[in-house]
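Spelled out, the chains give:
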Amino acid sequence: MQAKVNTFCISQRRPLWLTVRFIKYTYTQSVFFSPANNLKGSSALIVIYENGLTSKKMQYIASQSIHPATVFLNQNEITKRHCKIRWFNQTSEIKRCGHGTLAAANFLIDHFGYCPKAFISTSYERFTIKEKKQRAQLLLKSIEPQKSKLAKDELQNVFSLAIKAAYSTGDKNGYTVVLFINKEFNKEFNKGFNKGFYKNPDEKQDLKNLYIDFKALSKAHKNAVITLNIQNINEKTAIVQFRYFAPQFGVNEDSATGSALSVIAPLLFRLYGLNKAKLIQQSNNGALLNYEFNNAKVLIY
């Protein structure tokens, strides 16, 4: 079965990059959306290509896309057990992309009736795919963050809320998870911005009300930053809010970030004993992500 080519995601006119001879199919796929909760999730442009498409051409195609990620799959590999995968945003290649991988897997299942058992990134990381009721689930190895005073100090004046603790996977090109002191606002941040960010102290903390100094974040810290807000830690009905910021990598805020769960899940287990939860990503679009954490692996769906 041939995949339907969808070009309307880019513009009403046929984009010039579609004339590139090595492109076989293109399609757009959305993930992590929930109409019932008014959460739009995120989308990816999926490009199936033949041998000969260069990295430079891939970046050019991604630069013309309106989607947070453009995913490239080689036509000769999509029928194999393992398939190489590459992701790009508008300015650079992405090292890890959970939502783009799930989007690619669901596209292949929907339009070809099959999907590789795993996608392999350029750094040889394995993104394993499970199928349940003809929908893809992503299985990743967990990444254990460690409590970091250095990260906490570097980020102290970046957010409008006072930081309780920071947990980092490394000092460069990794992830840092930030927890805030409940309802305590960062006086230094508010003084610098002079915008009156203080809220009603009785108001329930919500990351939508969080303000970020993106310039300060870019200069102060080398990792992508995940902010967490724990709403409910009941093991059956756990709800956690988060946001994801990476201005250092060309993305001020990501709309839906599946790869972040490889860091969030082990931390929530260590701090609260949770091995599954409903995660609400409080970006402008909003996203709903579910996961299960077992044996140092995270199943995302």
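Here the structure is shown first, and the text comes after it.
In what follows, the accompanying structure is described. Model, not experiment: these values are computed from the prediction.

**Observations regarding the pairing of strand 16 (residues 276–281)**
Consideration 1: One ladder, built from four bridges, connects strand 14 (residues 239–246) with strand 16; its direction is parallel. When the sheet's bridge partners are listed, Val240 is paired in strand 16 with Leu279.
Consideration 2: As defined by bridge partners, strand 16 adjoins strand 17 (residues 287–294) across six bridges and the pair is classed as antiparallel. If you follow Lys276 over to strand 17, its bridge partner there is Glu292.
Consideration 3: Where strand 16 hands over to strand 17, the hairpin turn is made up of five residues, of which Gly286 adopts a positive phi near 80°.

**So, the sheet that holds strand 1 (residues 23–31)**
Consideration 1: Read across the sheet, five strands follow the order 1-2-3-5-6 without closing on themselves; strand pairing throughout is mixed. The open sheet terminates on both sides in strands that have one partner only, identified here as strand 1 and strand 6 (93–94).
Consideration 2: Pairing between strand 3 (residues 69–74) and strand 5 (residues 86–88): three bridges, direction antiparallel. Bridging across to strand 5, Phe72 finds its partner in Arg86.
Consideration 3: Running at roughly 45° to strand 5, helix 1 (residues 55–63) makes contact with strand 1, strand 2 (42–49), strand 3, strand 5 and strand 6 of the sheet.
Consideration 4: Along the sheet face, helix 2 (residues 98–112) touches strand 1, strand 2, strand 3 and strand 5 and points at about 115° away from the line of strand 1.

**Some points on the state of the cysteines**
Consideration 1: Using the criterion set out here, one finds zero disulfides in the structure.
Consideration 2: Free of any disulfide, Cys83 has its nearest cysteine sulfur in Cys115, 8.4 Å distant.

**As for the environment of Ser34**
Consideration 1: With respect to the helices and strands, the residue Ser34 is situated in the loop between strand 1 and strand 2.
Consideration 2: We classify Ser34 as buried; its relative accessible area is 8%.
Consideration 3: Spatially, the C-alpha atoms of Ser34 and Ala287 are 7.2 Å apart, while their sequence positions differ by 253 residues.
Consideration 4: Side-chain polar atoms of Ser34 contact the side chain of Asn37, separated by 2.8 Å.

**Digging into a positive patch on the surface**
Consideration 1: Residues Arg81, Lys117, Arg126, Lys130, Lys141 and Lys297 make up a contiguous surface patch of positive charge.
Consideration 2: By the secondary structure assignment, Lys117 is in the loop between helix 2 and strand 7 (118–120).

**A short note on helix 1**
In an α-helix, one turn spans 3.6 residues; hence positions three or four apart end up facing the same way.
Consideration 1: Within helix 1, the full set of buried residues consists of Met58, Gln59, Ile61 and Ala62. For helix 1, the angular spread of the buried residues around the axis is 160°, confining them to a single face.

**Considering helix 6 (residues 261–272)**
Consideration 1: Spanning 12 residues, helix 6 covers 15 Å between terminal C-alpha atoms, matching the ideal 16 Å at 1.5 Å per step.
Consideration 2: Among all positions in helix 6, only Leu261, Ser262, Val263, Ile264, Ala265, Pro266, Leu267 and Leu268 are buried.

What counts, and where the lines are drawn
Residues numbered from 1 in each chain as written. Predicted model: local features only at pLDDT ≥ 70, side-chain atom pairs only at ≥ 80, totals over all residues. Heavy atoms only, no water. Pairing = 2+ DSSP bridges. Helix = DSSP H or I, 4+ residues; strand = E, 2+ residues; numbered from the N terminus. Contact = heavy atoms within 4.5 Å. Axes fitted to C-alpha atoms, helices over the stretch in contact; angles between N-to-C directions. Disulfide = S-S within 2.5 Å. Buried < 20%, exposed > 50% of the residue type's maximum accessible area, 1.4 Å probe, protein only. Polar contact = N/O pair within 3.5 Å; in protein donor to acceptor, adjacent residues only side chain to side chain. Patch = residues over 30% accessible without salt bridge, like charges linked within 9 Å, V, L, I, M, F, W, Y side chains within 5 Å. Areas by Shrake-Rupley, 256 points an atom, 1.4 Å probe, with all protein chains shown as cover. Salt bridge = Lys/Arg side-chain N within 4 Å of Asp/Glu carboxyl O. Lys, Arg positive; Asp, Glu negative; His and termini not counted. Charge placed at Lys NZ, Arg CZ, Asp CG, Glu CD. Arc of directions from axis to C-beta. Expected span 1.5 Å × (residues − 1).

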